[in-house]
Amino acid sequence: MSRGTTRVPAEMAAAAMLAERLIAAVGETVAESSPEPGRARVERLLELGLQVRTDEEGRTTELMVTLILVRWLSVVREQLIDEDDRVERVLAWVDGTLGHRYAARARYTSAVLLDETRAPEIMGYRKALRGDFLPSLVWLLAGVVATYGDGDVAWLGNLVGAPAPH
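Each chain has its residues counted from 1, following the order in which its sequence is written. Confidence filtering applies because this is a predicted model: local features only for residues at pLDDT of at least 70, side-chain atom pairs given and counted only at 80 or more, and all residues used for totals across whole chains, interfaces and linings. For side-chain calculations, the full set of non-hydrogen atoms in the structure is used, while hydrogens and water are omitted.

(A) The nonpolar core, seen in detail. Here, nonpolar core refers to any group of buried Ala, Val, Leu, Ile, Met, Phe, Trp, Tyr and Cys residues whose side-chain atoms link them within 4.5 Å. Any residue under 20% of the maximum accessible area for its type is buried, any over 50% is exposed, and the rest in between are partly exposed; the area is computed with a 1.4 Å probe on protein chains only. By size, the foremost hydrophobic cluster in this structure holds 49 residues, and its most contacted members are L69, W72, L137 and L156. Mapped onto this core, the elements with two or more residues apiece are α1 (3-32), α2 (36-52), α3 (55-79), α4 (86-98), α5 (100-109), α6 (111-114), α8 (133-148) and α9 (153-160). The element that contributes the greatest number of residues to this core is α8, accounting for eleven residues. For this analysis, residues touch if any pair of their heavy atoms sits within 4.5 Å. If we ignore the near neighbours within four places in the chain, the residues touching W72 are A19, L22, I23, L141, L156, V160 and A162. Labels follow the DSSP assignment, with helices taken as runs of H or I lasting at least four residues and strands as runs of E lasting at least two, numbered in each case from the N terminus.

The structure is reproduced here in structure tokens:
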């Protein structure tokens, strides 16, 4: 078996594990009405990636997490395409539940919910938001779940095909 053949199942397993933990982070953010579950879970995933792999491959974990969260937000955008005020409704939940500071950070990454052509622009905010870049995507998804999924993270999981958290 070639090396490339064994990497694909391993990468798929890693992506599934990341998705499971990210969906749990979204659910915990909604349940606890706090930004901390999203922040702590993302931080832990990135630390785990660095412990398991070399520094360069640890960045692969960050890229995978980014891609998963952006893809989920893109799926949500398509699902809610007729909801013209979706971004403002989600940001209003983040503001009212997590706080103004977190809503301001999430606003920078909310373009992916607005329009597919604007999704790449959020990467420009990665440096500015530093450690809150990935959590801001979790906070947006929590806002989506609270606003459109009746607070049930299974709604999001079903929509994006993510495994249920344990």
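(B) Structural view of the pattern of salt bridges. The working definition used for a salt bridge is a side-chain nitrogen of Lys or Arg within 4 Å of a carboxyl oxygen of Asp or Glu. Applying the stated criterion across every chain, the model contains ten salt bridges. For R41, the salt bridge is made with E28, and the minimal N-O distance between the two is 2.7 Å. One end of the pair, R41, is in helix α2; the other, E28, is in helix α1, with 13 residues separating them in the sequence. We classify E28 as partly exposed; its relative accessible area is 26%. Of the charged contacts in the structure, one is a salt bridge between R105 and D132, with a shortest N-O distance of 2.8 Å. Of this pair, R105 sits in helix α5 while D132 sits in the loop between α7 (126-129) and α8, and the two are 27 residues apart along the sequence. With relative accessibility at 22%, the residue R105 sits in the partly exposed group. Overlapping salt bridges, with partners in common, bring together E36, R39, R105 and D132 in one network.

(C) Structural context of α5. Buried within α5 are the following residues: Y102, A103, A106 and T109. An end-on view of α5 places all buried positions within 110 degrees of arc, on one side of the element. Opposite its buried face, α5 presents the exposed residues H100 and R101, each directed more than 90 degrees away. Arc definition: it is the arc formed by the directions from the helix axis to the C-beta atoms.

(D) Structural context of the packing of α5 against α8. The angle between two axes is taken between their N-to-C directions and runs from 0 to 180 degrees, where each axis is a line fitted to C-alpha atoms and a helix contributes only its stretch in contact. For the pair α5 and α8, the least separation of the axes is 8 Å and the interaxial angle reads 95 degrees. Taken together, the axis directions place α5 and α8 in an arrangement best described as roughly perpendicular. Contact with α5, carried on its side by Y102, R105, A106 and T109, involves F133, S136, L137, W139 and L140 of α8 and no other residues of that element. In this classification, Asp, Glu, Lys and Arg are treated as charged, Ala, Val, Leu, Ile, Met, Phe, Trp, Tyr, Cys and Pro as nonpolar, and every other residue, Gly included, as polar. Considering only residue class, the contact of α5 with α8 consists of six nonpolar, two polar and one charged. An angle below 35 degrees is treated as roughly parallel, one above 145 as roughly antiparallel, one from 65 to 115 as roughly perpendicular, and anything else as oblique.

(E) Main features of the side chain of S136. Tracing the sequence through the fold places S136 in helix α8. Any N or O atom pair separated by 3.5 Å or less is treated as a polar contact, with the protein-specific requirement of one donor-capable and one acceptor-capable atom, and with residues adjacent in sequence counted only for side-chain atom pairs. In this structure the side chain of S136 is engaged in a polar contact, spanning 2.6 Å, whose partner is the backbone oxygen of F133. Aside from chain neighbours lying at most four places away, what touches S136 is R105, A106, T109 and L129.

(F) View of unusual backbone geometry. One non-glycine residue, R130, lies in the positive phi region at around 45 degrees. Along the polypeptide, R130 turns up in the loop between α7 and α8. With phi around 55 degrees, D150 is a residue other than glycine that occupies positive phi space. Here D150 shows up in the loop between α8 and α9.

(G) Seen up close, the environment of E20. Within the element layout of this structure, E20 appears in helix α1. Its relative accessible area of 22% is what places E20 among the partly exposed residues. Residues E20 and A162, spaced 142 residues apart in sequence, show a C-alpha to C-alpha distance of 6.5 Å.

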